[in-house]
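Structural features, examined
Each chain, written out:
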Amino acid sequence: MSFRILGTGSGLPSLCKTNDDLAKIMDTDDEWIRTRTGIEERRICGEETITDLAELAAKRALEDSGVTAEELDLIICATLSGDYITPSMACVLQARIGAKCPAFDLNAACTGFLYAMDVATGYFARNPKMKILIVAAEAISKLVDWRERNTSVIFADGAGAVVLGEGEDLLAIRLTAKGNTHALAAPNVSGNCPFRKESELEPFLQMDGKEVFRFAVSSMCRDIKTVMKLAGVTGEEIDYVLPHQANMRILDSAIGRLDIDGEKFLTNINCRGNTSAAAVPLLLDEVNKAGTLKKGNLLAMSSFGGGLTTGACILRWSK
Amino acid sequence: MTTFEKVANILVDAKDCEADKIKMESTWAELELDSLDTVELVMNLEDEFSISLEMNEDMKTVGDVVKAIDAALE
C-alpha cells in the first residue's frame, strides 16, 4: 500500500548569484568553490519569500497532476526555514492555493522530503483514495552566516513539490535518525525573555564539513544498498538515482562506493546549490519536465542532513 | 606489503597522487589534498585495513597516518 506520483512542480527565486558574485563579498573564488562543492551558481530569495516559491511549486505540481486544490486531502510541507514559526508553511500555503484540507509542517532538515513521503504512506494505508500534496521548500540563505564562506557558498533557496494519489509505486523506503547537535545545527529564535541570560548560540547555521562529509557518504551508500535489497532490485535495474544535492564531492565519493553506474546519478547542484529538503523534489521536477524519465523507470532517492537524519527509497515512475 | 606501501597505493588509486612524490614526510598540502580529500582517504584506509581511524589536526603527513594505522592494528 503506497502511492503514485501524479505530478511534480518547482519554484526558484529569480535572483541568480555566481561564484564570481560571491567572490566580491567574501574571501573566496570561483575555483575554490567549484573544486570543493561542484557549485557554479545558485538561486537566492531576493524579491520573493519562501512562501512564494512553495506556492509556485505547489500550483505547478497540481497543474501537472490534473488535481485541483479543492480535491486535496492533506498538505505536508517539509521545511525548517518557513516565513513563520506559526502558522506553519503548510497552513499559509493552504490559504494561498485555496485548499480546505488539514495541513502541517515536518522538519527533518535535508531529509524532509523522504520523511514526508513516508508519512504520506501511512495516510494512504488508511485511505488509498487520498490526494496528498508534499512541498519541500527552503530558504537556507536566511540561516547561513554570510561572513562565513564554508556554508554560505553551498546553501541556496528553492522549492519542489509532488502530488500523490492512489498507487503502488513506492517499493521500499528507509529512514534513520541519530541525534546530534554539533555536526549541523541552526538555533531557533531565543526571544527577549527578561528572566534568563541571552542565548550563547550564534544565530546562524553551523556545520562541521568534515564530519558531515563522512556521515553523508557512508549513510548514502548504506541507505541505497538497504532499499535496493528491501525492494529486491539490483544496481543494474535502477534507471536513475536522485541524490540529495549537498556537495558534488560527496556524490563522487558515494558513486565510487556503490554498484550503480555513475551516469545514472542525476545532478543539478552546479546551478542550484544545496537547497536542503527541496533538493530532491526540485531535481525530480526538472528531470520530469525535461522528459528524462520514462514510464516504468525505477528511481532511487537518497538524502541526509541535520538531525542527523537520512532517508532513501526506491520508486517506480509511472507518470 | 608494508603499511606505507598500502597507503601509497590508495593515494595513487583514489586520489591520483604521483607515486614517486609520496614519502613518509609528505604533507597533505604537498600531495594537493584538501580537507575533504583527507576525510575520504581515512574512509578508504578504514575499509582497506578494517580499522576505525580518527583524522585529527596532529595527522599532518603520510607518516602520521601510517603510525596511526599501525597503532590501530596492534
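Keep in mind that this is a model prediction, so the values were computed, not measured.

Observations regarding the overall build of chain B
- Summing up its helical and strand segments, chain B has three helices and zero strands in all.
- Along the chain direction, N to C, the helices and strands of chain B fall in the order α-α-α.
- Its C-alpha atoms give chain B a radius of gyration of 11 Å, within 12% of the compact-globule value 11 Å for 74 residues.
- Each principal axis of the C-alpha distribution contributes one length, and for chain B these read about 30 × 25 × 20 Å.

Regarding the packing of helix α7 (residues 209–231) of chain A against helix α2 (residues 35–49) of chain B
- Relative orientation of the contacting elements α7 of chain A and α2 of chain B amounts to 45 degrees, with a least axis distance of 10 Å. Looking at the two axes, α7 of chain A sits oblique to α2 of chain B. Crossing of α7 of chain A against α2 of chain B: the hand is right-handed. Contact with α7 of chain A, carried on its side by G209, K210, F213, R214 and V217 of chain A, involves S35, L36, V39 and M43 of chain B of α2 of chain B and no other residues of that element.
- Classifying every residue of the contact of α7 of chain A with α2 of chain B by side-chain character gives five nonpolar, two polar and two charged.

Some words on the environment of E71 of chain A
- The topology assignment puts E71 of chain A in the loop between α3 (50–65) and β4 (74–78).
- Taking the C-alpha atoms as reference points, E71 of chain A and I132 of chain A, 61 residues apart in sequence, are found 9.1 Å from one another.

A closer look at the interface of chain A and chain B
- Contacts between chain A and chain B engage eight residues on the former and six residues on the latter.
- When contributions to the side of chain A that touches chain B are tallied by element, the ones reaching two or more residues are α7 and α8 (248–257) of chain A.
- The residue makeup of the side of chain A that touches chain B, split by class, is two nonpolar, two polar and four charged.

Some thoughts on unusual backbone geometry
- Each neighbour pair has its own omega, and for T86 of chain A with P87 of chain A the value is 0 degrees, a cis peptide bond.
- For the peptide bond that leads from G307 of chain A to L308 of chain A, omega is 0 degrees, which places it in the cis range.
- Along the polypeptide, L308 of chain A turns up in strand β13 (residues 307–316).
- The residue E32 of chain B is not glycine, and still its phi comes out positive at about 60 degrees.

As for the sheet that holds strand β5 (residues 103–106) of chain A
Residues and elements named next belong to chain A.
- Across the sheet, five strands lie side by side as β1-β7-β6-β4-β5; this open sheet has mixed pairing. In the strand order of this sheet, the two ends are held by β1 (4–11) and β5, each with one partner. The sheet shows a mean angle of 20 degrees between the axes of neighbouring strands, taken without regard to direction.
- Pairing of strand β6 (residues 132–139) with strand β7 (residues 157–165), which is carried by eight bridges, proceeds in the antiparallel orientation. Paired with L133 across the two strands is V163, which belongs to β7.
- With respect to the sheet, α3 is in contact with β1, β4, β6 and β7, its orientation differing from that of β1 by roughly 145 degrees.
- Sitting on the sheet, helix α10 (residues 279–289) touches β1, β6 and β7, and the angle it makes with β1 is about 100 degrees.

Some points on the sheet that holds β13 of chain A
All names here are of chain A.
- Strand order in the open sheet formed by four strands is β8-β13-β12-β11, and the pairing between neighbours is mixed. Both edges of this open sheet fall to β8 (170–180) and β11 (240–243), since each of them pairs with a single strand only. The mean angle between the axes of side-by-side strands here comes to 10 degrees, regardless of whether they run parallel or antiparallel.
- Bridge count for β11 against strand β12 (residues 298–305) is four bridges, and the pairing is parallel. When the bridges of β12 are listed, P243 appears paired with S302.

Observations concerning the nonpolar core
- Within the largest apolar cluster, 109 residues are counted, with the highest numbers of intra-cluster contacts made by A54, I76, A78, I134, V135 and A137 of chain A.
- Examining the composition of this core, we find that 11 residues originate from one element, α7 of chain A, more than from any other.
- Split by domain, the residues of this core number at least three in each of domain 1 (4–168) and domain 2 (172–316) of chain A.
- For A54 of chain A, the residues in contact, after removing those within four places along its chain, are G11, C77, M89, L93, V135, A137 and A159 of chain A.
- By size, the runner-up hydrophobic cluster in this structure holds 12 residues, among which are A8, L45, A68 and I69 of chain B.

Some remarks on the domain arrangement of chain A
All names here are of chain A.
- Entries for chain A in the domain assignment read domain 1 (4–168) and domain 2 (172–316).
- A C-alpha centroid distance of 14 Å is found between domain 1 and domain 2.
- Facing 42 residues of domain 1, the contacting portion of domain 2 comprises 41 residues.
- Of all the elements in the fold, those that place two or more residues in the side of domain 1 that touches domain 2 are β1, α2 (30–37), β3 (41–43), α5 (112–126), β6, α6 (149–152) and β7.
- Counting residues per element, the side of domain 1 that touches domain 2 draws most heavily on α5, at seven residues.

Criteria and cut-off values
Residues numbered from 1 in each chain as written. Chains lettered and ligands numbered in written order. Predicted model: local features only at pLDDT ≥ 70, side-chain atom pairs only at ≥ 80, totals over all residues. Helix = DSSP H or I, 4+ residues; strand = E, 2+ residues; numbered from the N terminus. Rg over C-alpha atoms; globule rule 2.2 N^0.38 Å. Axes fitted to C-alpha atoms, helices over the stretch in contact; angles between N-to-C directions. Parallel < 35°, antiparallel > 145°, perpendicular 65-115°, else oblique. Left-handed = near helix turned anticlockwise from the far one by under 90°. Contact = placed C-beta atoms within 7 Å. Nonpolar A, V, L, I, M, F, W, Y, C, P; charged D, E, K, R; others polar. Pairing = 2+ DSSP bridges. Core = buried A, V, L, I, M, F, W, Y, C linked by C-beta atoms within 7 Å. Buried ≥ 20, exposed ≤ 12 C-beta atoms within 10 Å, placed from the backbone. Domains from an automatic or database assignment.

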